[in-house]
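Close look at the chain arrangement
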Amino acid sequence: MISLAARDIAHSWSKYVLTGIGLGLLIGVTLSMAGIFRGMVDDAQVLLRNSQADVWVVQKDTQGPYAESSSLPDDVYRSILGMPGVQQAANVTYFTMQVQHQGKDTRVMVVGFESGQPGAPPSLIAGRHVTRSHYEAVADVKAGFKLGEKIRIRRNEYTIVGLSQRTVSSGGDPMVFIPLADAQAAQFQKNNDAIVSGRERTAANPAFNRPNVPGLLEAVQMSQTTSHNVNAVLVQVRARWDAAQLAADIQRWKHLQAYTYADMEEISVKKLIATSAKQIGLFLVILTIVSTAIVSFIIYTMTLGKIREIAVLKLIGTRNSTISWMILQESLGLGLVGFIIGKTVATLWAPVFPKYVLLLPLDAVLGLLVIVVVCTLASVMAIRAALKVDPAEAIGG
Amino acid sequence: MGQPCPPLLFIGFLTRPVGDEPRISVATVTKQAISASVFGIGTVEARYNYRIGPTAAGRVQQVLVDVGDSVQAGQTLAIMDAVDLDSRIQAAGLAAERATASIASANAQTKEANARFTLAQHEAQRQQSLAAKALVSPSSSDARQQDLAVTQAAVEASHAAAAVAKKEQQRLQAEQQALRQQQANLTLTAPVAGMITSRDAEPGTTLVAGQAVLTLADPQSYWVKARIDQSLALGLQAGQTASITLRSAPQQALPGKLVRIEPLSDSVTEERIVGIAFTPVPAALSSGELAEVTLQTGQKAAALVIPNAAIQQQAGQSGVWKLNPDNSLQFTPVQTGIHSLDGQVEILSGLQADDTIVVYTSKALRADSKIKVVAQL
Amino acid sequence: MADNTTPAIELRGLCKRYGSGDTAVDALKGVDMRIAPGEVVGLVGPSGSGKSTLLKCLGAVIDPTAGQMFLGGEAIFDEVWKVKDLRTLRRDRIGFVFQAPYLIPFLDVTDNVALLPMLAGKSNKEARRRALELLEALDVAHRAKSNPALLSGGEQQRVSIARALANNPPVILADEPTAPLDGERALAVVKILNDMAQQHQTAIIVVTHDEKIIPTFKRLYHIRDGKTYEEAVS
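Residues numbered from 1 in each chain as written. Chains lettered and ligands numbered in written order. Predicted model: local features only at pLDDT ≥ 70, side-chain atom pairs only at ≥ 80, totals over all residues. Heavy atoms only, no water.

**Some points on the overall build of chain B**
Convention followed: In this text, helices come from DSSP runs of H or I with a minimum length of four residues, and strands from runs of E with a minimum of two, each type numbered from the N-terminal end. Within these notes, the globule rule equals 2.2 Å times the number of residues to the 0.38 power, and the radius of gyration is based on C-alpha atoms. Only protein chains enter the accessibility calculation, which uses a 1.4 Å probe; a residue whose area is less than 20% of its type maximum is buried, one above 50% is exposed, and one in between is partly exposed. Contacts are assigned to residue pairs with any non-hydrogen atoms lying within 4.5 Å of each other. The accessible surface values rely on the Shrake-Rupley method and a 1.4 Å probe; as for residues, cover is taken only from the protein chains in view. His is not counted, nor are the chain ends, whereas Lys and Arg count as positive and Asp and Glu as negative. Here the site of a charge means atom NZ of a Lys, CZ of an Arg, CG of an Asp or CD of a Glu.
The secondary structure content of chain B amounts to 3 helices and 22 strands. The C-alpha atoms of chain B give 46 Å as radius of gyration, which overshoots the globular expectation for 377 residues (21 Å, by more than 25%). A principal-axis box enclosing the C-alpha atoms of chain B has dimensions of 180 × 50 × 35 Å. Out of the 377 residues belonging to chain B, those deemed buried represent 37%. Counted over contacts in chain B with a minimum sequence separation of 6, partners at least 24 positions apart contribute 73%. Approximately 20600 Å² of chain B is accessible, and the part contributed by carbon and sulfur atoms is 52%. Of the side chains in chain B, 30 bear a positive and 32 a negative charge, and the two mean positions are spaced by 3 Å.

**Some words on the pairing of strand E1 (residues 55-58) of chain A**
All names here are of chain A. Put simply, the rule reads: Between any two strands, at least two bridges found by DSSP are needed for them to pair.
Neither face of E1 is open: one carries Val55 and Val57, the other Trp56 and Val58, and all of them are buried. Relative to strand E12 (residues 257-260), E1 runs antiparallel, the two being bridged by 4 bridges. By the bridge assignment for E12, Val57 is matched with Ala258.

**A look at the pairing of strand E2 (residues 25-35) of chain C**
Residues and elements named next belong to chain C. Pairing geometry for strand E1 (residues 9-18) and E2, over 8 bridges, is antiparallel. Within E2, the position partnered with Leu11 by the bridge is Met33. A loop of 6 residues connects E1 with E2, the two strands running antiparallel in sequence, and Gly19 in this loop sits at a positive phi of about 75 degrees.

**Some points on the sheet that holds strand E8 (residues 194-199) of chain B**
Where strands meet in a sheet, backbone hydrogen bonds hold them as pairs that are either parallel or antiparallel. Residue and element names in this part refer to chain B. What the 4 strands build is an open sheet, ordered E3-E10-E8-E5; its pairing is antiparallel. The open sheet has two edge strands, strand E3 (49-52) and strand E5 (70-71), and neither has a second partner. Of the pairings in the sheet, the one linking E5 to E8 comprises 2 bridges and is antiparallel in character. Along E8, the bridge assignment pairs Ser70 with Met195.

**Details of the interface of chain A and chain B**
We count it as follows: The term buried area denotes the loss of accessible surface (1.4 Å probe radius) that occurs when two parts are joined, taken as the sum for both partners. The rule for a salt bridge is simple: a side-chain nitrogen of Lys or Arg has to be within 4 Å of a carboxyl oxygen of Asp or Glu. The classification used treats Ala, Val, Leu, Ile, Met, Phe, Trp, Tyr, Cys and Pro as nonpolar, Asp, Glu, Lys and Arg as charged, and all other residues, Gly among them, as polar.
At the junction of the two partners, chain A supplies 40 residues and chain B supplies 38 residues. Between chain A and chain B, roughly 3400 Å² of surface is buried when both sides are summed, and carbon and sulfur atoms account for 56% of that area. Applying the counting criterion to the chain A and chain B interface returns 0 salt bridges. Of all the elements in the fold, those that place two or more residues in the side of chain A that touches chain B are helix H3 (76-81), strand E3 (86-101), strand E5 (126-127), helix H10 (320-349) and helix H11 (361-388) of chain A. Broken down by element, the side of chain A that touches chain B gets its largest block of residues, 6 residues, from H10(A). Here the residues of the side of chain A that touches chain B are counted per class, giving 19 nonpolar, 16 polar and 5 charged.

**Thoughts on unusual backbone geometry**
Omega for the peptide link from Thr279(B) to Pro280(B) comes to -5 degrees, which places this bond in the cis form. Position of Pro280(B) among the secondary structure elements: in the loop between strand E14 (271-278) and strand E15 (290-307). The backbone of Asp61(A) sits at a positive phi, close to 60 degrees, despite the residue not being glycine. Turning to its location among the elements, Asp61(A) is positioned in the loop between E1 and strand E2 (72-73). With a relative accessible area of 63%, Asp61(A) lands in the exposed category. The backbone of Arg166(A) shows a phi angle near 55 degrees, a positive value even though the residue is not glycine.

**Focus: empty space enclosed by the protein**
All names here are of chain A. Under the convention used in this document: A 1.4 Å probe that fits into a set of points on a 1 Å grid over the protein atoms alone but cannot get out defines a cavity; an open set with protein on both sides within 12 Å along at least five of seven lines defines a pocket, and lining residues are those with an atom within 4 Å of a point. Grid points are joined across faces, edges and corners, and a volume is the space filled by probe spheres set on the points.
Applying the stated rule across the entire model yields 3 cavities of 30 Å³ or more. Computed from the structure, the largest cavity encloses a volume of approximately 60 Å³. In terms of lining residues, the largest cavity is bounded by Leu31, Ala34, Gly35, Lys343, Ala346, Leu358, Leu359, Leu360, Asp363 and Ala364. Looking at the lining of the largest cavity, the elements that each hand over two or more residues are helix H2 (13-51), H10 and H11. A total of 3 residues in the lining of the largest cavity trace back to one element, the largest contributor, which is H2. For the lining of the largest cavity, the per-class residue count stands at 7 nonpolar, 1 polar and 2 charged. For the second largest cavity, the calculated volume is near 50 Å³. Leu47, Asn50, Ser51, Tyr94, Val111, Gly119, Ala120, Pro122, Met175 and Phe177 are the residues that line the second largest cavity. At the level of elements, H2 and strand E9 (175-179) are the ones that each hand at least two residues to the lining of the second largest cavity.

**Observations concerning the pattern of salt bridges**
Summed over the entire model, instances satisfying the criterion amount to 42 salt bridges over all chains. Between Lys322(B) and Asp355(B) there is a salt bridge whose closest N-O contact spans 3.9 Å. Of this pair, Lys322(B) sits in strand E17 (residues 317-323) while Asp355(B) sits in the loop between strand E20 (344-349) and strand E21 (356-361), and the two are 33 residues apart along the sequence. Assessed through its relative accessible area of 18%, Lys322(B) is described here as buried. Of the charged contacts in the structure, one is a salt bridge between Lys51(C) and Glu176(C), with a shortest N-O distance of 3.8 Å. Of this pair, Lys51(C) sits in helix H1 (residues 51-58) while Glu176(C) sits in the loop between strand E8 (171-175) and helix H6 (183-200); the two residues are 125 residues apart in sequence, bridging distant segments of the chain. As far as burial versus exposure is concerned, Lys51(C) and Glu176(C) are alike and both buried. Sharing partners across several salt bridges, the network here consists of Asp42(A), Asp43(A), Arg49(A) and Arg166(A).

**Focus: the interface of chain A and chain C**
Heads up, the rule is: Here a polar contact is taken to be a pair of N or O atoms separated by no more than 3.5 Å, where protein atoms must pair a possible hydrogen donor with a possible acceptor and residues adjacent in sequence count only if both atoms sit in side chains.
Every contact between the two is made by 25 residues of chain A and, on the other side, 26 residues of chain C. The largest per-residue losses of area from chain A upon contact with chain C belong to Met1(A), Ile316(A) and Ile395(A), which jointly make up 26% of the total buried on that side. Across the chain A-chain C interface, the total number found is 1 salt bridge. Two residues, Arg7(A) and Asp111(C), come together in a salt bridge whose shortest N-O distance is 2.5 Å. Along the contact surface separating chain A from chain C lie 7 residue pairs in polar contact (both at pLDDT 80 or more). Looking at the side of chain A that touches chain C, the elements with two or more residues in it are helix H1 (4-11) and helix H9 (307-315) of chain A.

**Some details on the packing of aromatic side chains**
Residue and element names in this part refer to chain A. Applicable threshold: Pairing of aromatic rings covers Phe, Tyr and Trp, the last through its six-membered ring, and needs centres within 6.5 Å; plane angles under 30 degrees mean stacked, over 60 mean edge-to-face, and all others mean tilted. Definition used: whenever NZ (Lys) or CZ (Arg) falls within 6 Å of the ring centre and also within 35 degrees of the ring normal, the charge is taken to sit over that ring.
Taken as a whole, this structure holds 8 aromatic pairs over all chains when the rule is applied. Relative to Tyr261, the ring of Trp56 lies with its centre 6.0 Å away and its plane at 55 degrees, an arrangement referred to as tilted. Residue Trp56 is located in strand E1, and its partner Tyr261 is located in helix H8 (residues 261-304); the two are separated by 205 residues in the primary sequence. Overall, Trp56 belongs to the buried group, its relative accessible area being 0%. For the pair Tyr66 and Tyr94, a centre-to-centre distance of 5.0 Å together with 65 degrees between the ring planes defines the contact as edge-to-face. Of the two residues, Tyr66 sits in the loop between E1 and E2 while Tyr94 sits in strand E3, which places them 28 residues apart along the sequence. Over the ring of Tyr356 we find Arg166, and its NZ or CZ is 3.3 Å from the ring centre.

**Let's talk about the nonpolar core**
This is how the line gets drawn: Residues belong to a common nonpolar core when they are buried Ala, Val, Leu, Ile, Met, Phe, Trp, Tyr or Cys residues joined through side-chain atoms within 4.5 Å.
Core analysis: the biggest nonpolar cluster contains 119 residues, and Leu54(C), Ile161(C) and Ile205(C) have the highest contact counts within it. Ranked by the residues each element gives to this core, the list is headed by H11(A), at 8 residues. Sequence-distant contacts of Ile161(C), defined by excluding residues within four places in its chain, comprise Val97(C), Leu138(C), Val189(C), Ile192(C), Leu193(C) and Met196(C).

**What to know about the domain arrangement of chain B**
Note the following rule: Segment limits for the domains were obtained from an automatic or database-derived domain assignment.
On domain assignment, one finds that chain B holds domain 1 (19-34 + 301-373), domain 2 (38-47 + 220-299), domain 3 (50-81 + 187-216) and domain 4 (85-185). Taken over C-alpha atoms, the centre of domain 3 of chain B sits 51 Å from the centre of domain 4 of chain B.

**A word on the environment of Ile267(A)**
Residues and elements named next belong to chain A. Mapped onto the fold, Ile267 is located in helix H8. Taking the C-alpha atoms as reference points, Ile267 and Ile195, 72 residues apart in sequence, are found 36 Å from one another. Each residue touching Ile267, except ones within four places of it in the same chain, is listed here: Gln63, Ala67, Tyr259 and Leu272.

**Things to note about the UniProt feature "domain: CusB-like beta-barrel" (unreviewed entry) in chain B**
Convention followed: UniProt positions are given in the numbering used here, feature names are shortened, and annotations may be inferred rather than shown by experiment.
Look at the UniProt record and you will see "domain: CusB-like beta-barrel" (unreviewed entry) annotated at residues 223-297 of chain B. Secondary structure content for residues 223-297 of chain B is 0% helix and 51% strand, while the C-alpha to C-alpha distance between its ends is 19 Å.

As structure tokens, this is what we get:
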């Protein structure tokens, strides 16, 4: 027995392929949407992974440093280093800002890190790590900078010496790693006008500008421009020590908030993306319904166009199941064509998206299963119409 | 039909690695020269700053120089208002003159007392001899003796008065001297040759003692006070050559020399403070300008060297991913020595020359990662 | 008329009533018919006479209300259908040739013909060989690989005849097979039908009102008001 569906598809392949392209684009959008969601999750996770930390120590009663702002004195890490079970503890700062690059504003997350400590860029794809303790930076390749270019952060220019990949904030902004001291200064640094007017304001305050206390004003102004705060302390736990126990100890004895990897995942992945997950989930459901409607409409129309042939087929003794199978196959075939096109376009246009789009093979398989179900459902209406065709219609006009 | 078989295409799609396999680029461990340098940020400042002001509270009368003026040692820079100082000097002079007169008067009194004493002496000797011959009564002789004592006391008293007058004169002269000195102090002069860096008070301003009217710095004493991260400070030694880059001229490296490592570190910023002298001092330096300092701390002619991008952290251990000849990966802990500023690292142990190591990776590696070696990522 | 042989198809008092009660319409009011193997008969009548209904009953796509229907001596209908599977009956024992050829547009000429043997369970190869034989016999073998839509009307009708013959049925029902054709080609088709009937010993009922071909039938059934009247021509 020959495959009627295959012959039918081959016969009207142009119509079929055009329809398949339309459906494929829709499936491509669906897959991309799923990819965008996966990308968001991965962005949040990669931020945690890249920190190479087991415990995050942040300001008490905050959920920092990613979900909330957090500020700690920068000497806290010393007391944490002294706790049993701590392998490494390093200060780190995060702040988001716009940097100018080739006349365009790029939103980046500036990370202040200590060389060789948790929080430093984990690996590079070009260039080298920072060797000077000031004015050198490693940037994520997504920020668009090239090696040797200068990036201006607040008042200073930093030379890009290395490029990293997949180092992004939970919002997907590329990271720029700069030495901690610079970052501390930059985080609280104002522009020159603000500094000058701040100085004038202080000078105009008689409490700070006392003629009989020379040097007081200068001292006050110095203290206003320096920062000794960081956003978090990243802690690595010694082998065979329990991170949760250490976090609990830090919380209890140091009066700081400490989160383990699992806690951070809960905060920055689950909570942060809960709404987005619902949003995109709903969107996927709608896209699925739309796809179902489209496939079923197309298959129904195609079947109606073949009513006479179906009547003849029935008259000459073709089984109903054969006819149903033909329609189902055509529907599945359409789905498959759509899937292949959709997967192709999703893969092709994924890198163009400004944010990370992660196309998981598992999602593709799930998508295919959904398409199979959708196409089966979509063919039901057409099959019912085909089964209602009376073979007698072929006789007598 | 000549159409591609959809199932095959489809299987190809699913199994296609979607950027799953990490792409890496590799390098070979080489033996080469490496020089260690440290980098720090500092400000240009004068090594010595002279804050010139009055020694006593007073009002500024005149400021003769302005910021940027070069001055010679001893040059008058500013004058404080004398107020009543001249009158006080005059009063002290008059008092001293009066003291001189008092000395003369005391001297006259001494002379008189001496005369009376001599007379009393003669009288007493005569009476004594008469009394010995019993020509006069003993009481008359006693009276003469007493006169003698009285006149003697008068002589001593006049001596004392003269001494007091002398002292008074000296005191008043000293006082006048002091006031003259003070008058001299009202003129603020340059202690060394240099340049005025700030002008802090204008004529009419009343200052307390210790407040400065002008700040003077010697441009030849300009140096860079730099802060070096403690973790990089190993190997710093006075005398090491340095290169200094000023913020105003980022392309130009100025020669310098490490002249001082301060014994005290900044415990808050965890930095060492060092002084780097310019060799020679360039003209038109601006105090307070930001400067970047690179110090040569040491070098080795032949060391095992790898790019620092290859160093990775695994479970708190520094190491590199070694690519074995059979294309398998192996994490090898290493000990590092010199870090050069251009991103090279000396390997003390853990690697051999000609080992192949992973430098760049597109993803975090694991020992069982399937990898793809590319020339450039 | 050869009464001594078993007729390929025989109808006795076949009735068909549409609807029921007051609105009931009797389309067939006792049709009698008897056609021998290899015989080609015409069936003529004005529209509304019951031609189509008769054809549909013969084609086993509607149910007669009464009467009997025999195929090769076997009673397939006797007040009720006697065969379980009308679909198989249509497939294996009745061939259809339509007014328009009704070829399946997405199958080529060979497969249009081969479809029936395939549906009957023959292998693709065997079915195609059978189809080619028939196409050869009907002189359309040169179009075997063509799309049916590219064939001329006469060629299409010949393919349609080949399809009707494909499973070698004892009866072929031809519903105005010459309607879209001009006189010459119509006659050619009738000739083919006659040849095939002869060759395959198939009884062929040709429904027509084509004046050009009516004279070619040796035997003609007229149908009027649901009844048939036989007319022997020769």
